[in-house]
Structure formats: structure tokens, C-alpha cells
Amino acid sequence: MTARVILGVSGASGAALALDCARALRAAGATVELVLSAMAERTLTLEIGPGARDELVSLAERQHPVIDLGAAIASGSFPVHGMIVAPCSMRSLAAIAHGLDDNLLTRAASVQLKERRPLVLLAREAPLTLAHLRNMTAVTEMGAVVMPPVPAFYLRPETTAQITAQVAARAVDLLRIATPQARAWNPDEGQLP
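Residues numbered from 1 in each chain as written. Predicted model: local features only at pLDDT ≥ 70, side-chain atom pairs only at ≥ 80, totals over all residues. Heavy atoms only, no water.

K.L.:
I keep staring at the overall build of the protein and nothing clicks. Help me out?
P.N.:
A count of helical and extended segments in the protein gives seven helices and six strands. Mapped in sequence order, the helices and strands of the protein form the string β-α-β-α-α-β-β-α-α-β-α-β-α. Expected size for 193 residues packed as a compact globule is a radius of gyration near 16 Å; at 16 Å, the protein falls within 12% of this value. Taking the principal axes of its C-alpha atoms as reference, the protein extends roughly 50 × 40 × 35 Å. Within the protein, buried positions represent 48% of all 193 residues. By sequence separation, contacts in the protein at least 24 residues apart represent 78% of the contacts at least 6 residues apart. Just so you have it, the protein exposes about 9,400 Å², and 55% of that area is on carbon and sulfur atoms. Taking the 17 positively charged and 17 negatively charged side chains of the protein as two groups, their mean positions are separated by 4 Å. (Helix = DSSP H or I, 4+ residues; strand = E, 2+ residues; numbered from the N terminus. Rg over C-alpha atoms; globule rule 2.2 N^0.38 Å. Buried < 20%, exposed > 50% of the residue type's maximum accessible area, 1.4 Å probe, protein only. Contact = heavy atoms within 4.5 Å. Areas by Shrake-Rupley, 256 points an atom, 1.4 Å probe, with all protein chains shown as cover. Lys, Arg positive; Asp, Glu negative; His and termini not counted. Charge placed at Lys NZ, Arg CZ, Asp CG, Glu CD.)

This is the structure in C-alpha cells:
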């Protein structure tokens, strides 16, 4: 059975993470159900360029309007393997942490929690306030994985693209839908300077 995964994209900086997650999901053989916030569409254009949104949509089987709380992915009876929010804004994190299902992205995330399915949040902010940390604790206690997109410096990435691709691969690997894609640390490849 093909894995079906929801990819939520909020308006936080880090739009390249959304594209790389969609690519990694496709490489893992997953079907992508996409939901973009209004600010996500703007951030895709600002950070990547005018064709970014269309490229992202082309990697998905279906795009759901963020205002459609009656969409299939808003129901626990719709079979999915989990959800990634990449990037995850602090506004979306707060809404998920407090059960404020005010748009399809936050509703779909809440559904993953209530159905005990994987939910991976690529939380994008720095520095963090106490409110951010408490919201991260709350969603973690509910079963989500908070994964700030921190570079794997030990792999010695040479480009930003390598960093975002590795972060995306790790996020997809956390869903356990296919053989791991992320490059793993191998101490036999040499010592760090």
C-alpha cells in the first residue's frame, strides 16, 4: 500500500524545506496531500521565486485550500500515515498546541494527534520565547515530534540545498514509511577537524 502523507506548509521562513520535503516524500514513494497557508504562498515566492508554488503543487497528488475545514484530511477516517509541517511557524505551533483548529493545516495536525499518527513539526524561529518553548513541550507531550531544521554540520554540507535536503530527508525518515533517506553519521568516513 502506498503511504499517504499530509504536507502542511506555513508561512515561516524556510520555504525550501517544503519543496525538499515534497521531493523526499515522492522519493519514498508517498502520495502527498498538500495544504498551504496564505503566507506560505507568499514566502515560497519571496524566498525561492515565482515558480516555487507551482513546483510544490506539481509534487502533490492534491492541494487542499487552507480554508476548507470540510476537506478529507480534516477527518480521522481519511487514511494517512502522518503529517509533516515544513516549515512550521510559531503561530501554527501555538494553534496546534492549544487545539485551535481554525484552518485546515492546524485541523489536519490535530487529527494526527488524536489518531495517534506521526506529526513532525519543522519549527522555524530563533531565538525562542518561553511561549514557544511551552508550546513545543505541549505538542511533544501530545505525541508530536518537534524538529527544528538544524544543519547536520558533521556531514560537512557545502550548500544550503544540501542542508535543506538532509533536514527534509530526516523529517520523512521519522514517519518510517520507507528505507531511511537521510545521510547517516559514519565515524569511519573521517574525524572532524
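What follows continues from the structure just given.
K.L.:
Teacher, can you tell me more about the nonpolar core here?
P.N.:
The nonpolar side chains of a soluble globular protein tend to be buried with one another. One finds Leu7, Val9, Cys21, Leu25, Leu56, Ile84 and Leu122 to be the most contacted residues of the largest nonpolar core, which totals 33 residues. Only β1 (4-9), α1 (15-27), β2 (31-36), α2 (38-47), α3 (52-58), β4 (82-88), β5 (119-123) and α7 (160-173) provide two or more residues apiece to this core. Top contributing element to this core by residue count: α1, with eight residues. With near-sequence residues (within four places) excluded, leucine 122 lies in contact with Leu17, Cys21, Ile84, Val85, Ala86, Pro87, Cys88, Met147, Pro149, Val167 and Ala171. Formed by 27 residues, the second largest nonpolar core is a distinct cluster that contains Met83, Val85, Leu104 and Ala144. (Core = buried A, V, L, I, M, F, W, Y, C linked by side-chain atoms within 4.5 Å.)

K.L.:
Please clarify how unusual backbone geometry should be interpreted in this entry.
P.N.:
Excluding glycine, residues mostly carry a negative phi; peptide bonds, for their part, are mostly trans. Going from alanine 86 to proline 87, the amide bond is cis rather than trans, its omega being -10°. Along the chain, proline 87 turns up in strand β4. Between alanine 126 and proline 127 the backbone carries a cis peptide bond, its omega angle lying at -10°. Among the structural elements, proline 127 can be located in the loop between β5 and α6 (130-142). For arginine 116, which is not a glycine, the phi torsion comes out positive at approximately 60°. Overall, the relative accessible area of 69% leaves arginine 116 in the exposed class. Despite not being glycine, arginine 176 shows a phi value in the positive range, around 55°. Along the chain, the position of arginine 176 falls in the segment after α7.

K.L.:
Any chance you could explain helix α4 (residues 90-97) here in plain terms?
P.N.:
The α-helix winds at 3.6 residues per turn, so residues separated by three or four positions along the chain end up facing the same way. Most of α4 is tucked away, with six of its eight residues classed as buried. What α4 keeps buried is the set Met90, Ser92, Leu93, Ala95, Ile96 and Ala97. Buried residues along α4 sit in contact with β4, α5 (104-114), β5 and α6. Remark: glycine 99 follows α4 within two positions and exhibits a positive phi of approximately 65°.

K.L.:
Honestly, α1 in this entry has me stumped. Any pointers?
P.N.:
Here α1 spans 19 Å end to end across 13 residues, near enough to the 18 Å set by a 1.5 Å rise per residue. Once α1 finishes, glycine 29 follows within two positions and takes phi at roughly 85°, a positive value. (Expected span 1.5 Å × (residues − 1).)

K.L.:
Just to check I follow, could you spell out the state of the cysteines for this structure?
P.N.:
Linking two cysteines covalently through their sulfur atoms gives a disulfide. Under the criterion given, the structure shown has zero disulfides. Cysteine 88 supplies the cysteine sulfur nearest to cysteine 21, a cysteine that is in no disulfide, at a spacing of 12 Å. Under the relative-accessibility criterion, cysteine 88 is labelled buried at 0%. (Disulfide = S-S within 2.5 Å.)

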